[in-house]
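Here are the chains, one letter per residue:
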Amino acid sequence: TLAAVAGGAQICQNISVSPSGTSYRDGNCNLIASILPTGGSPVSNSVNVCTKLDTGATKRGTTILYAARKYDIEPLLNPYPATSTADVTLYYLQSEFDNFNLKAADSGHKLLPTGSADATGISNLLLRQFHGTGTNPLNYTGPSEDFTTATSGFTVTWNATRSWWEVKVPVTGFSGFYLSAALATVLPISIEYFKGVQTDNRHILSWKANCSSASVTFEIQRSTDGQHFTPINNITASQARCSQPFEFIDNHPARGINYYRIKIIDIDGKSSYSNLISLTLKTKGIELVSLSPNPVIKNNPVLKINTADNSIVNIV
């Protein structure tokens, strides 16, 4: 059985990797991922391997739809974790692909495999690796890298005995792995920029788009956690108006961090999302923003706090 349950906690195992390869498992022997040291600088020593299964496919605050299962793999004691090499095998259930496919069309993606014989679906599969440390595609400290079946050494195989998909990827450096599919079409609207500033406890959002659609609707959305968004305004514009800059003022932002994005809807009802920006409504007191990684597994965690006061903070 594969480790992790939908909506459950992150499952990890931290053990040394064998030169002949190691399968990482939870306390009940359920499989997380497998690592085979290969390449010019084979990974060695202790590796922390984690997986988490969300309740369904989600965009995770970005414009890209990702499957529910994510992986984080990090060498802990290797002298050069950023350059160590290996073949990593990640595992997915067909039900996870099916859930992604239910949302793929609305998100502008092609379909993942619908079964073991679906060669087109296999070729659509895209695995995105985020280098560095982080907790979601928005905050990894390093660049991202995409793998497809056109990448040398990358394979997608159906294991009929175990009834799961095995995705093998050759990596240099480790970190976060998120599965998606190729984009189906390019929408006739693109965002040139989306940014914001804070003035007198108000958040002023501005953006500019490039449009070939006869009409476009911009739905401004806000979130306090970067995951769950609520519409706060919408603007519909003609093609001529769309080429000019836009501005919206949020006169009543929430206390603390406010995340903003724009849902872009063309005349045919197809939609996409802008980049994500965050603005902090500074108030008195101190607020914990994030701790990464959580739980802390090595000696360089990153703690972020918000404070409007210039004061000493004692953190235990």
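Small disclaimer: the values here were computed from a predicted structure and weren't measured.

Describing the state of the cysteines
Any covalent bond linking the sulfur atoms of two cysteines counts as a disulfide. In this structure the tally under the stated criterion is two disulfides. Residue C12 pairs covalently with C50 via a disulfide, S to S 2.0 Å. Disulfide C12-C50: the torsion about the S-S bond is 110°, which places it as right-handed. You can see C12 sitting in strand 1 (residues 11-16) and its partner C50 sitting in strand 4 (residues 46-53), a full 38 residues away along the chain. C12 gets classed as partly exposed once you look at its relative accessible area, which sits at 34%. With a relative accessible area of 4%, C50 lands in the buried category. Sequence-ordered numbering of the bonded cysteines in the chain gives a pairing of 1-2, 3-4.

Comments concerning a nonpolar patch on the surface
Residues I286, L288, L291, V296, L303, I305, V313 and I315 make up a contiguous nonpolar surface patch of roughly 640 Å² in combined accessible area. For the nonpolar patch, the element with the most residues is strand 20 (residues 286-292), which contributes three residues. Checked against the element boundaries, V296 lands in the loop between strand 20 and strand 21 (302-307). For V296, a relative accessible area of 39% puts it in the partly exposed group.

Notes on unusual backbone geometry
In this structure, S163 takes a positive phi of about 60° despite not being glycine. In this structure, S163 sits in the loop between strand 9 (155-159) and strand 10 (164-172). Positive phi, close to 55°, is recorded for D200, a residue that is not glycine. Along the polypeptide, D200 turns up in the loop between strand 12 (189-199) and strand 13 (202-211).

Some details on the nonpolar core
I35, I73, L90, Y92, L127 and L179 are the most contacted members of the largest nonpolar core, which has 40 residues in total. Among the secondary structure elements, those contributing two or more residues to this core are strand 3 (31-37), strand 4, strand 5 (69-75), strand 6 (85-92), helix 1 (94-104), strand 7 (125-130), strand 10 and strand 11 (175-181). In this structure L179 touches L65, Y66, A67, Y92, F97, L112, L125, L126, L127 and V167, once residues within four positions along its chain are discounted. Within the second largest apolar cluster, 19 residues are counted, among which are W207, V216, I220 and Y260.

Focus: the environment of A182
Within the element layout of this structure, A182 appears in the loop between strand 11 and strand 12. Separated by 59 residues in the primary sequence, A182 and S123 have C-alpha atoms spaced 8.7 Å apart. Apart from residues lying up to four places away in sequence, A182 is in contact with H109, K110, N124 and L126.

A closer look at the pairing of strand 5
Here strand 5 lies mainly inside the structure; seven of its seven residues are buried. The side-chain alternation of strand 5 yields two buried faces, one formed by R69, Y71, I73 and P75 and the other by K70, D72 and E74. Taken together, the seven bridges between strand 4 and strand 5 define a ladder with antiparallel strand orientation. Across the sheet, K52 pairs through a bridge with K70, a residue of strand 5. Where strand 5 meets strand 11, four bridges bridge the pair, whose relative direction is antiparallel. In the strand pairing of strand 11, D72 is matched with G176.

A closer look at the sheet that holds strand 12
An order of 12-13-16 is seen for the three strands of this open sheet, with the pairing classed as antiparallel. The open sheet has two free edges, formed respectively by strand 12 and strand 16 (246-250), since each of these has just one partner strand. Mean inter-strand twist for the sheet, computed between neighbouring axes without regard to direction, equals 20°.

Here we look at the sheet that holds strand 2 (residues 22-25)
Read across the open sheet, the five strands follow the order 2-3-6-10-9; overall the sheet is antiparallel. Either end of the sheet is taken by a strand with one partner, and the two such strands are strand 2 and strand 9. Direction aside, neighbouring strands of the sheet carry axes that sit 25° apart on average. Where strand 2 meets strand 3, four bridges bridge the pair, whose relative direction is antiparallel. Looking across to strand 3, one finds that T22 is bridged to I35. This element, helix 1, spans strand 6, strand 9 and strand 10 of the sheet and lies at about 75° to strand 6.

Remarks on helix 1
Within helix 1, the full set of buried residues consists of Q94, E96, F97, F100, N101 and A104. End-on, the buried residues of helix 1 take up no more than an arc of 155°, which puts them together on one face.

Here is what the cut-offs are and how they apply
- Residues numbered from 1 in each chain as written.
- Predicted model: local features only at pLDDT ≥ 70, side-chain atom pairs only at ≥ 80, totals over all residues.
- Heavy atoms only, no water.
- Disulfide = S-S within 2.5 Å.
- Helix = DSSP H or I, 4+ residues; strand = E, 2+ residues; numbered from the N terminus.
- Buried < 20%, exposed > 50% of the residue type's maximum accessible area, 1.4 Å probe, protein only.
- Patch = residues over 30% accessible without salt bridge, like charges linked within 9 Å, V, L, I, M, F, W, Y side chains within 5 Å.
- Areas by Shrake-Rupley, 256 points an atom, 1.4 Å probe, with all protein chains shown as cover.
- Salt bridge = Lys/Arg side-chain N within 4 Å of Asp/Glu carboxyl O.
- Core = buried A, V, L, I, M, F, W, Y, C linked by side-chain atoms within 4.5 Å.
- Contact = heavy atoms within 4.5 Å.
- Pairing = 2+ DSSP bridges.
- Axes fitted to C-alpha atoms, helices over the stretch in contact; angles between N-to-C directions.
- Arc of directions from axis to C-beta.

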